[in-house]
Amino acid sequence: MDLYKAYDMMDWQFIKEMLVALNFPAHFIHIDMACIISTRYTIMINGTPTPTFQAKRGLRQGDPFSHLLFVIGMEYLSRILKSVEDQYGFHPRCRKTKLTHLCFPDDLMLFCKGDIPLSALYTTGITPETKNSIGDELTQFSFGTFPFKYLGIPLSIKSSLLLNVNKFADKMTRKIRGWQAKNLSDLSSHRGSSNVLMTSADPFYGSVCKPKCGGWGIKDVLTWNQIAVGKIAWHIHIMKDSMWVRWVNGVYTKGGNWGLYNAPINASWTMRKLCKIKDTWKQWVFKDAYSIKEVYTTTFQCQPKVNWRILVWSGVVIPRTRFCCWLLALGKLKTKEQTP
């Protein structure tokens, strides 16, 4: 569920009643409400601000206290759902853990049996005969068609999805090109900064991700992400007291040995990937302690320091020329002698 204008729709009287019901001190409630109701706005019309006017409801965006008040407001809904657990139609995979919902800043996920008239089936990659057989078994559901939007994001089959996200890819490309033009030297900008990066840096990606004893010190995002996911696998190993671990234990491992567990073919994509990373980083996952920083620095241990590192990383060197200095030290800077 998408909470429409979640912060803007918060009623001030409701917030005050929640603070009183949760036994907050009266002096604290008075100060808190004084901060909330003192909100005033102005609108720019043709570059000229209008006179200020007082708000009637809502929480200010960006205020570090607003998200705490919003959580208190959502606590009311959480307690209502908890009070009706006996009559609640749990999702089959959430019945054991009694998971009813998850709250986010402006979204609410309810885990329950869906309302058939408001539900639809979406299929892809199957034959019309299979689709018809599914329709014969589930006659109460209607078939939806791709593409459709969920929370403003277009959902479609994989081939069409690439077309839907082209605008995001183009925006990221423009950002990267702007960074290249700003940080590379005049020579590389003249010859085309993207060409310099493609022809010079890509073949030495392994060197780029090495520490500054010989590399560029840039973090290997793929490896770091795998190590970060490995900590989630470690949480399952130590049986951390969290909803996520309890859900995995109730649905998948069922109290079995996590080290010997293999995800079945009908497991979710996330669970299959998690098991794969568990096996890849098992020398760290099954220890008593797990530090993402320690695992990463151990994986990318600093090699013997090179004698030119001080020249490249010296504070005297202009930051935008360090990249060229680094390529020059490796003998990979494109010059007339090295250009075919």
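As a starting point, this report considers the structure included with it. (Residues numbered from 1 in each chain as written. Predicted model: local features only at pLDDT ≥ 70, side-chain atom pairs only at ≥ 80, totals over all residues. Heavy atoms only, no water.)

### Focus: the nonpolar core
Side chains of a nonpolar character, in soluble globular proteins, are inclined to be buried together.
Here is step 1: Membership of the largest hydrophobic core comes to 26 residues, with the highest contact counts inside it found for Trp247, Tyr252, Trp258, Met271, Trp281 and Tyr290.
Here is step 2: Here Trp281 is in contact with Thr223, Gln226, Ile227, Val295 and Thr299, once residues within four sequence places are set aside.
Here is step 3: Membership of the second largest hydrophobic core comes to 17 residues, among which are Tyr7, Leu19, Ile36 and Leu59. (Core = buried A, V, L, I, M, F, W, Y, C linked by side-chain atoms within 4.5 Å. Buried < 20%, exposed > 50% of the residue type's maximum accessible area, 1.4 Å probe, protein only. Contact = heavy atoms within 4.5 Å.)

### Quick word on unusual backbone geometry
Here is step 1: A positive phi angle is found at Met239, which is not glycine, with a value near 55°.
Here is step 2: Along the chain, the position of Met239 falls in the loop between helix H10 (221-237) and helix H11 (243-253). (Helix = DSSP H or I, 4+ residues; strand = E, 2+ residues; numbered from the N terminus.)

### What to know about the pattern of salt bridges
Here is step 1: In total, this model carries four salt bridges according to the counting rule given.
Here is step 2: Where Arg60 meets Asp63, a salt bridge forms, and the shortest distance between an N and an O atom there is 3.8 Å.
Here is step 3: Taking the relative accessible area as the measure of exposure, Arg60 reaches 34% and is therefore partly exposed.
Here is step 4: Between Glu75 and Arg79 there is a salt bridge, with its nearest N and O atoms 2.9 Å apart. (Salt bridge = Lys/Arg side-chain N within 4 Å of Asp/Glu carboxyl O.)

### Topic: H10
Here is step 1: Between the first and last C-alpha of H10 there are 24 Å, a value that for 17 residues agrees with the 24 Å anticipated at 1.5 Å per step.
Here is step 2: For H10, every residue scored as buried is listed here: Thr223, Ile227, Ala228, Gly230, Ala233, Trp234, His235 and Ile236.
Here is step 3: Packing partners of the buried residues in H10 comprise H11, helix H12 (269-280), helix H13 (282-285) and helix H14 (292-299).
Here is step 4: A distance of 3.3 Å separates the backbone nitrogen of Leu222 from a side-chain oxygen at the start of H10, and that oxygen is part of Asp220.
Here is step 5: Downstream of H10 by a residue or two, Met239 has a phi angle that is positive, lying close to 55°. (Expected span 1.5 Å × (residues − 1). Polar contact = N/O pair within 3.5 Å; in protein donor to acceptor, adjacent residues only side chain to side chain.)

### Describing the packing of helix H1 (residues 12-21) against helix H3 (residues 66-83)
Here is step 1: Running from N to C, H1 and H3 cross one another at 80°; their axes reach a closest spacing of 10 Å. Considering the angle they form, H1 stands roughly perpendicular to H3. Two secondary-structure elements touch here, H1 through Phe14, Ile15, Met18 and Leu19 and H3 through Leu69, Ile72, Gly73 and Tyr76.
Here is step 2: Residue composition of the contact of H1 with H3, grouped by class: seven nonpolar, one polar and no charged. (Axes fitted to C-alpha atoms, helices over the stretch in contact; angles between N-to-C directions. Parallel < 35°, antiparallel > 145°, perpendicular 65-115°, else oblique. Nonpolar A, V, L, I, M, F, W, Y, C, P; charged D, E, K, R; others polar.)

### A look at a nonpolar patch on the surface
Here is step 1: Judged by side-chain polarity, Phe24, Phe28, Phe65 and Leu68 come together as a nonpolar surface patch covering roughly 310 Å² of accessible area.
Here is step 2: Along the polypeptide, Leu68 turns up in helix H3.
Here is step 3: Residue Leu68 is classed as partly exposed on the basis of its relative accessible area of 42%. (Patch = residues over 30% accessible without salt bridge, like charges linked within 9 Å, V, L, I, M, F, W, Y side chains within 5 Å. Areas by Shrake-Rupley, 256 points an atom, 1.4 Å probe, with all protein chains shown as cover.)

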